Amino acid sequence: MIRRHPILSVLALLLLLLLAWAWPNRAHLVAFPDIIGAYTAKEYCSCRYVSGNPATYCEGYVKQYVPISSLLDDEGAKRVTASGLGRTHSAVWLGERQGCQLLPSK
């Protein structure tokens, strides 16, 4: 089989190696989509309301390789909501001493 289909054999081996790596890390892989939205909401809130930077600066500050689908900044409530990879998270500014806090997801 290997001599007759070397490319297919290499692809099958790579697939087996990928599965061997993914299985013990499955909990981390499942948590990854939550990290994108949560990180973006929390860091943008801190950049904007704790550090007092302008919105355009903070948008660049939280930009990642994995793009987010939406970023909503409610200036009146000092609440930031970010969505990415199908998950949505919010962070709110609590005050000068507490800073920003990530809200529990529903």
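Quick caveat, the model's predicted, so the values are computed rather than measured.

**Remarks on the overall build of the protein**
Secondary structure assignment for the protein yields 3 helices and 4 strands. Shown N-terminal to C-terminal, the secondary structure of the protein runs as helices and strands in the order α-α-α-β-β-β-β. Against the 2.2 N^0.38 benchmark of 13 Å for 106 residues, the protein shows a C-alpha radius of gyration of 20 Å, more extended than a compact globule. Taken along the three principal axes of its C-alpha coordinates, the protein extends 65 × 25 × 20 Å. By the burial criterion, 26% of the 106 residues in the protein qualify as buried. Considering only contacts within the protein whose residues lie at least 6 apart along the sequence, 44% involve residues at least 24 apart. When the accessible surface of the protein is totalled, it reaches about 7,900 Å², and 62% of it is carbon and sulfur. The averaged location of the 7 negative side-chain charges in the protein is 16 Å from the averaged location of its 11 positive side-chain charges.

**Focus: the sheet that holds strand E2 (residues 79–84)**
In space, the 4 strands of this open sheet follow the order E1-E2-E3-E4, with antiparallel pairing throughout. Bordering the open sheet on either side are strand E1 (70–74) and strand E4 (99–102), each of which pairs with just one other strand. Here the strands of the sheet are splayed against their neighbours by 20° on average, with no regard to which way each runs. Looking at chain direction, strand E3 (residues 87–95) and E4 are connected through 4 bridges and run antiparallel. Within E4, the position partnered with Gly-95 by the bridge is Gly-99.

**Overview of the pairing of E2**
By the criterion of burial, E2 is predominantly enclosed, with 5 of the 6 residues buried. The hairpin formed by E1 and E2 contains 4 residues between the paired strands, and Lys-78 there has a positive phi angle of roughly 50°. The pairing of E2 with E3 spans 6 bridges and is antiparallel. Of the residues in E3, the one forming a bridge with Thr-81 is Ser-90. Connecting E2 to the next strand, E3, in antiparallel fashion are 2 residues, including Leu-85 with a positive phi near 55°.

Calculation notes
- Residues numbered from 1 in each chain as written.
- Predicted model: local features only at pLDDT ≥ 70, side-chain atom pairs only at ≥ 80, totals over all residues.
- Heavy atoms only, no water.
- Helix = DSSP H or I, 4+ residues; strand = E, 2+ residues; numbered from the N terminus.
- Rg over C-alpha atoms; globule rule 2.2 N^0.38 Å.
- Buried < 20%, exposed > 50% of the residue type's maximum accessible area, 1.4 Å probe, protein only.
- Contact = heavy atoms within 4.5 Å.
- Areas by Shrake-Rupley, 256 points an atom, 1.4 Å probe, with all protein chains shown as cover.
- Lys, Arg positive; Asp, Glu negative; His and termini not counted.
- Charge placed at Lys NZ, Arg CZ, Asp CG, Glu CD.
- Pairing = 2+ DSSP bridges.
- Axes fitted to C-alpha atoms, helices over the stretch in contact; angles between N-to-C directions.

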